[in-house]
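Close look at the chain arrangement
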Amino acid sequence: MPSYTAPTKDMQFILHDVLRITEAGIAGYADLDRDFTAAILEEAGKISTELLAPLNPVGDREGCRLENGIVYTPTGFKDAFEQMKENGWPAIDMPEEYGGQGMPYIMNTAVGEMFSAANQAFTMYQGLTHGAASAILAHGTDAQKQTWLPKMVSCEWTGTMNLTEPHCGTDLGLMRTRAEPQGDGSYRITGQKIFISAGEHDMAENIVHLVLARIPGGPEGIKGVSLFIVPKFLVNEDGSLGARNGVSCGKIEEKMGIHGNATCVMNYDAAEGYLLGEAHKGMRAMFTMMNEARLGVGMQGLAQAEIAFQNALAYAKDRLQGRDITGARNPEGPADPLIVHPDIRRNLMEQKSFTEGARAFLFWGATLIDRAHREGDAEADGLVSLLTPVIKGFLTDKGFDMTVQAQQVYGGHGYIEEWGMSQYARDARIAMIYEGANGVQALDLVGRKLAQDGGRHVMAFFEHVKTFSKENAGTEGMAEFLEPLKRASKDLQGAAMYFMQEGMKNPNAALAGSYDFMHLFGHVCLGLMWARMARASLAALASGTADPAFHQTKLATARFYMARQLPMTATHLARIQSGAEPVMALEAANF
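What counts, and at which threshold
- Every chain begins its residue count from 1, and numbering advances along the sequence as written.
- Where totals are concerned, whole chains, interfaces and linings use all residues; where local detail is concerned, this predicted model gives features only for residues with pLDDT of at least 70, and gives and counts side-chain atom pairs only at 80 or more.
- Only hydrogens and water are set aside when side-chain values are computed; all heavy atoms of the structure are taken into account.
- Comment: elements are numbered from the N terminus, with helices defined as DSSP H or I runs of at least four residues and strands as E runs of at least two.
- All radius of gyration figures rest on C-alpha atoms, and the globule criterion is 2.2 Å times the number of residues raised to 0.38.
- Here the term buried applies to any residue with accessible area under 20% of the maximum for its type, exposed to any over 50%, and partly exposed to those in between, with areas from a 1.4 Å probe on protein chains only.
- Note on contacts: a residue pair is in contact if any heavy atoms of the two residues lie within 4.5 Å.
- Pairing between strands requires that DSSP locate at least two bridges from one strand to the other.
- In this analysis, the expected span of each helix is defined as 1.5 Å times one less than the number of residues it contains.
- Consider a residue and the seven residues that end there alongside the seven that start there; fitting an axis to each set, the bend is the angle between those axes.
- Whenever a helix is involved, its axis is fitted only over the stretch in contact; in every case the axis is a line through C-alpha atoms, and angles between N-to-C directions fall within 0 to 180 degrees.
- For classification purposes, angles smaller than 35 degrees are called roughly parallel, those larger than 145 roughly antiparallel, those between 65 and 115 roughly perpendicular, and all remaining angles oblique.
- Each crossing gets its hand from how the near helix is turned against the far one by less than a right angle, where anticlockwise is left-handed and clockwise is right-handed.
- Only Asp, Glu, Lys and Arg are considered charged, only Ala, Val, Leu, Ile, Met, Phe, Trp, Tyr, Cys and Pro nonpolar, and every remaining residue, Gly among them, polar.
- The rule is short: rings of Phe, Tyr and Trp, with Trp giving its six-membered ring, pair when the centres are within 6.5 Å, and they are stacked under 30 degrees, edge-to-face over 60, tilted in between.
- Counted as over-ring charges are cases with an Arg CZ or a Lys NZ within 6 Å of the ring centre that also lie within 35 degrees of the ring normal.
- Here, a salt bridge means any Lys or Arg side-chain nitrogen found within 4 Å of an Asp or Glu carboxyl oxygen.

**Observations concerning the overall build of the chain**
In terms of helices and strands, the chain carries 19 helices and 11 strands. A globule of 591 residues ought to have a C-alpha radius of gyration of about 25 Å, and the chain, at 24 Å, matches this closely. Its C-alpha atoms give the chain principal-axis dimensions of roughly 80 × 60 × 60 Å. Residues classed as buried in the chain amount to 58% of the 591 residues present. For the chain, restricting intrachain contacts to residue pairs at least 6 apart in sequence, the fraction spanning at least 24 positions comes to 74%.

**Observations concerning the environment of Arg-346**
You can see Arg-346 is positioned in helix α9 (residues 342-375). The residues contacting Arg-346, other than those within four sequence positions of it, are Gln-405, Phe-560 and Arg-564.

**Some words on helix α12 (residues 438-449)**
Turn by turn, an α-helix covers 3.6 residues, leaving residues three or four places apart pointing in a common direction. Where α12 is concerned, the buried positions are Asn-438, Gln-441, Ala-442, Asp-444, Leu-445, Val-446 and Lys-449. Buried residues along α12 sit against α8 (282-318), α10 (378-409), α14 (479-502), α15 (507-512) and α16 (514-542).

**Re the pairing of strand β6 (residues 206-214)**
In terms of burial, β6 is largely enclosed, as nine of its nine residues are buried. The alternating pattern of β6 places Asn-206, Val-208, Leu-210, Leu-212 and Arg-214 and Ile-207, His-209, Val-211 and Ala-213 on opposite faces, both of which are buried. In terms of strand pairing, strand β3 (residues 157-162) meets β6 through six bridges, oriented parallel. Bridge pairing in β6 links Asn-162 to Val-211. Pairing analysis gives seven bridges linking β6 to strand β7 (residues 225-231), with the strands arranged antiparallel. The residue bridging Leu-210 from the neighbouring strand is Ile-229, located in β7.

**Looking at helix α6 (residues 120-139)**
Helix length check: α6, at 20 residues, gives a terminal C-alpha distance of 28 Å against a target of 28 Å (1.5 Å per residue), a fit within 8%. The largest bend along α6 reaches roughly 25° and is located at Gln-126. Of all 20 residues in α6, 16 are buried, a share of seventy percent or more.

**Side note on the environment of Ala-6**
Position of Ala-6 relative to the elements: it lies in the segment before α1 (8-18). Placed 202 residues apart in sequence, Ala-6 and Val-208 show a C-alpha to C-alpha distance of 32 Å. Once residues lying within four places of it in the same chain are set aside, the contact partners of Ala-6 are Gly-45, Thr-49 and Met-114.

**A short note on the packing of α6 against helix α7 (residues 142-153)**
For the pair α6 and α7, the least separation of the axes is 10 Å and the interaxial angle reads 160°. Viewed along their axes, α6 and α7 adopt a mutual orientation that is roughly antiparallel. As for the relative orientation of α6 and α7, their crossing is left-handed in sense. Residues Thr-129, Ala-132, Ala-133, Ile-136 and Leu-137 of α6 touch α7, and the partners they reach there are Gln-144, Lys-145, Trp-148, Leu-149 and Met-152. Of the residues belonging to the contact of α6 with α7, the class tally is seven nonpolar, two polar and one charged.

**So, the packing of aromatic side chains**
In this structure the tally under the stated criterion is 16 aromatic pairs. Between Tyr-315 and Trp-419, the aromatic rings sit 5.6 Å apart at their centres with planes inclined by 85°, giving edge-to-face as the arrangement. With Tyr-315 in helix α8 and Trp-419 in the loop between α10 and α11 (421-429), this pair connects stretches of sequence that are 104 residues apart. An aromatic cluster of at least three residues, connected via ring pairs, comprises Phe-461, Phe-462, Tyr-498, Phe-499, Phe-517 and Phe-521. The positively charged end of Arg-244 is found above the aromatic ring belonging to Phe-233, 5.6 Å away from the centroid. Stacked on the ring of Phe-400, the Lys or Arg Arg-429 has its end atom at 5.6 Å from the ring centre.

**Focus on the pattern of salt bridges**
This model, assessed by the stated rule, comprises 31 salt bridges. Here Glu-278 and Arg-284 are joined by a salt bridge, their closest N and O atoms 3.5 Å apart. Residue Arg-284 is classed as exposed on the basis of its relative accessible area of 56%. The closest approach of N and O atoms between Lys-505 and Glu-502, which form a salt bridge, is 3.5 Å. A residue is classified by how much of its surface remains accessible, and Glu-502, at 26% relative accessible area, is partly exposed. Put simply, Asp-10, Glu-113, Glu-306, Lys-352, Glu-356, Arg-359 and Lys-554 are held in one network by salt bridges that share partners.

Next comes the structure, spelled out in structure tokens:
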């Protein structure tokens, strides 16, 4: 049976040696000393290993079932959810005034990675609630916050987001769900939504749906969409639950993965709802939830890659197969372990260098969110907005690739369900699709984010890389990490310049290269993270660290990324500069 061990040592290294959070100058960060973060991470790791991970294959096998309008979650999920609520894990970074613990978002990110790695389907129930609560926190009235947030922060009530309809996915301007205004300020919501994660289940007293719908007479297209709070049960003035609302689950989707999460078709039949934010400004309010969700989905890509890597590594060390070509390493046995073979090493190093680099990238993104929200830093907000499609798109694409590579280490056993590797690949696959398919993320990056605020944020990223390189140019041992990073950054700048020069003349030239640009950008970000981790490990070794093996391993892994992964930026640049012609050459009828 697969197992999971929380990577708390690596997390502590990133938080304190790389990001140096206590010195970051962000409100609340000075309290995050090593002992404090260690206590939080160790406890979350214990829960992940002992409570959540054993339920992961249970959820995969059993799935959810719909009976008489009620969705029943897999065996053990409800009890585990109660334990999570009792210990306050869903509320770790939510405001104290609503029952949260008020910690920075970076701690929610670190804990969330562990929970998602141990059991992605289970963790989605509280993750979606967190996103819905964040949207109400940002756009709700004081009365709405008092009504909904205390119960949602505690996860006594859970939350969802309802966007997609049977006839429209990304193009939300086509939606048909309508909201008829009533005399008392409420609305009647009628329509159908599909692919609603955690849309109905048996683990909470109430489910608070955030639903996009049209108010009759509003503008056409996406500008006429509004956002509504639509609860499963209405709430009385005293806060108690009232009558069942006109919302129901019509079906549970049968999916490739995340079987333990109820993905529902939701029917709204004149359900009572309440406007959240301004009328016809629903996408603005929903994007508060979607941007958080996209970072969370990027985290899912990393998380599934991490647990798959852990198990592939253990298998490679244990499984005897063939002999080391340079001489037997296990002469007393019939064969050597798989890990002696160079191609297995390549496979494992690709996984290791991705997961550790992606973790640093994700954590850095979380600090930018904290800086933006806690310090009102507009530059940090602009930079993380630029990086969000990269975090979501690149980390989920590569995260899925890594689960497949981990599966490959097992050979035929990787294709057999009892070994568990199939589940990681199946669960990881959805992350490339939901919360905006990765092709859409790439279009958002190139079509909107690059030019945002006159291109100031991408220029700030280039300046960040340049400043880091200059500051560390004289540091002994850093040249082998800085030179590849500078070359990769020049490739990224070259791609951006190509878009500026060619995009206005031929927009397809930019759009045809958008996916390559997202991956090029992702590699540069991980290259920057590996350079920062190398600097931290060199400093630790120079100061006489008590754990030299850890830092020497970091440096070896950094060298691998710089030598074997980062050169992919040149390939992506060449593909981008080939323009739209190779992509658009065929007429539709000739495919």
